[in-house]
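Report on the structure
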Amino acid sequence: MTDTERIKEVGLRTGGLVVGVAAASAFNEFVPAGHRPEDILIGAQSVVVAGSKGPTAGAWQCPDHRLMEITGYDFRENVAIHVMCDYIENTFGYQAIQAPSLPTAGHTPPMSMMLAAVLAGLGTRSLAANIILHPDYGLLYYAALITTMPLTPDHPLETAVCPSPPCVEMYRKLGTTPCLAACPVSEGGCLDGDIDADGQIASSYYDRERCTSRSMNFGISTVQKSLVQIVTEDDPEPRRAMIYSDFFTQSLSSLGFYKESVAQCFECMRVCPVGRVHRRLK
């Protein structure tokens with residue numbers, strides 16, 4: 001096995017369902033200074049990306065959509081990244097660091113995990129809010145590491161995962177796709193888009209703010225909003241009720257255990273045919 005293959009194998013054994021590698025320099029074409037691997041780790045040569053399935057097949061079938069948030073399924077890929085960082089530094093003597101992905105202001109992360117996954121050949125963007133879809137597993141959660149170690153890079157996929165053939169067929173008959181029909185912007189939803197004659201995405205629209213108001217119901221923003229109401233409430237009884245409410249308790253739990261809200265609304269992905277085979281068990 002090559003050194004690159006050995007590192008990937010470590011990631012696959014410790015939480016990653018898929019692992020890919022991108023050259024650090026590949027990011028320069030797409031992102032501005034300040035958000036590139038070399039801005040985070042001086043001398044960066046490679047970015048290793050790990051993806052995990054997140055929710056179990058059973059979780060996808062749960063009618064209570066809050067389960068996706070409460071159970072915090074989406075951090076197994078981070079374990080793989082931590083182990084690979086240690087492996088690179090202890091075995092090969094190169095520096096390695098987990099790439100930061102949490103937002104620092106609004107929706108702008110220090111480094112895009114979506115782009116990292118695309119450049120590492122693990123998926124392509126979709127009509128559903130630009131979510132990255134792996135060709136086999138569909139929706140995955142991604143984390144990455146940056147290292148000064150030169151590794152053999154993978155390459156972006158040549159064939160777009162979205163739209164899938166069933167979605168193209170549905171669009172030609174009905175003018176929509178499963179994800180667009182699940183949350184159409186024309187009916188107050190978040191998604192819209194078009195597919196061209198070649199079966200490729202011609203345009204896509206995503207109402208990020210509307211989606212956030214529905215899917216990010218617990219976390220930093222809700223704690224802030226709740227605190228404004230609590231500290232401006234003069235009556236001690238309603239103030240106490242707000243502090244001990246299930247809503248405020250869940251928001252604090254989200255901060256304490258999962259760092260920030262992940263999402264409760266998975267309807268566009270629940271109906272996506274890509275990776276469905278892995279969500280359908282006995």
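One structure accompanies this document, and this report is about it. (Residues numbered from 1 in each chain as written. Predicted model: local features only at pLDDT ≥ 70, side-chain atom pairs only at ≥ 80, totals over all residues. Heavy atoms only, no water.)

Things to note about empty space enclosed by the protein
Considering all chains together, one arrives at two cavities of 30 Å³ or more under this definition. Approximately 110 Å³ is the volume found for the largest cavity. Looking at the lining of the largest cavity, its residues break down into 15 nonpolar, three polar and no charged. One number sums up the size of the second largest cavity: a volume of about 90 Å³. Looking at the lining of the second largest cavity, its residues break down into six nonpolar, three polar and two charged. (1 Å grid on protein atoms, 1.4 Å probe; cavity = no way out; pocket = protein on both sides within 12 Å on 5 of 7 lines; lining within 4 Å. Points joined across faces, edges and corners; volume = space filled by probe spheres on them. Nonpolar A, V, L, I, M, F, W, Y, C, P; charged D, E, K, R; others polar.)

Side note on the sheet that holds strand E2 (residues 46-52)
Strands sit in the order E1-E2-E7-E3 across an open sheet of four strands; the sheet is antiparallel. Two strands in the sheet have a free side with no partner beyond their single neighbour: strand E1 (18-23) and strand E3 (96-98). Within this sheet the neighbouring strands show an average axis-to-axis angle of 25°, counted without direction. Each of E1, E2, E3 and strand E7 (141-147) touches helix H5 (residues 76-92); the most contacted strand, E7, lies at about 15° to it. (Pairing = 2+ DSSP bridges. Helix = DSSP H or I, 4+ residues; strand = E, 2+ residues; numbered from the N terminus. Axes fitted to C-alpha atoms, helices over the stretch in contact; angles between N-to-C directions. Contact = heavy atoms within 4.5 Å.)

Some points on the sheet that holds strand E6 (residues 138-139)
The strand order E4-E5-E6 describes an open sheet built from three strands, whose pairing is antiparallel. Looking at strand neighbours, the two that pair on one side only are strand E4 (124-125) and E6, the edges of this open sheet. Strand direction decides the pairing type here: E4 and strand E5 (residues 132-134), joined by two bridges, are antiparallel. Across the sheet, residue Thr 124 finds its bridge partner in E5, namely Leu 133.

Quick notes on the pattern of salt bridges
Summed over all chains, the structure comprises seven salt bridges. The salt bridge partner of Glu 169 is Lys 173, with a shortest N-O separation of 3.3 Å. Linking Glu 169 with Lys 173, this pair stays in helix H7 (residues 165-174), spanning four residues, or about one helical turn. Its relative accessible area of 63% is what places Lys 173 among the exposed residues. Residues Glu 267 and Arg 270 are paired through a salt bridge, measuring 3.0 Å at the closest nitrogen-oxygen approach. With Glu 267 and Arg 270 both in helix H13 (residues 267-270) and three residues apart, this pair spans about one turn of that helix. Using a relative accessible area of 24% as the deciding quantity, one classes Glu 267 as partly exposed. Overall, the relative accessible area of 19% leaves Arg 270 in the buried class. (Salt bridge = Lys/Arg side-chain N within 4 Å of Asp/Glu carboxyl O. Buried < 20%, exposed > 50% of the residue type's maximum accessible area, 1.4 Å probe, protein only.)

A look at unusual backbone geometry
Of note, the amide linkage connecting Cys 162 to Pro 163 takes the cis form, showing an omega dihedral of 0°. Within the element layout of this structure, Pro 163 appears in the loop between E7 and H7. The phi torsion at Ala 129 lies on the positive side, around 60°, for a residue other than glycine. Along the polypeptide, Ala 129 turns up in the loop between E4 and E5. In this structure Ala 129 comes out as buried when scored by relative accessible area, which is 17%. Its identity is not glycine, yet Asn 130 carries a phi of approximately 65°, on the positive side. Within the secondary structure, Asn 130 is located in the loop between E4 and E5. Taking relative accessible area as the criterion, Asn 130 reaches 28% and is therefore assigned partly exposed.

Notes on the nonpolar core
Residues Phe 27, Val 47, Val 49, Met 111, Leu 122, Tyr 142 and Ile 146 are the most contacted members of the largest nonpolar core, which totals 24 residues. Taken together, the elements giving at least two residues each to this core come down to E1, E2, helix H6 (113-119) and E7. The element best represented in this core is H6, accounting for six residues. With residues near it in sequence (within four places) discarded, Val 47 still touches Gly 20, Val 21, Ala 22, Ala 24, Phe 27, Pro 37, Met 111, Ala 144, Leu 145 and Ile 146. Cys 162, Tyr 171, Leu 191 and Cys 211 belong to the second largest nonpolar core, which has 22 residues in total. (Core = buried A, V, L, I, M, F, W, Y, C linked by side-chain atoms within 4.5 Å.)

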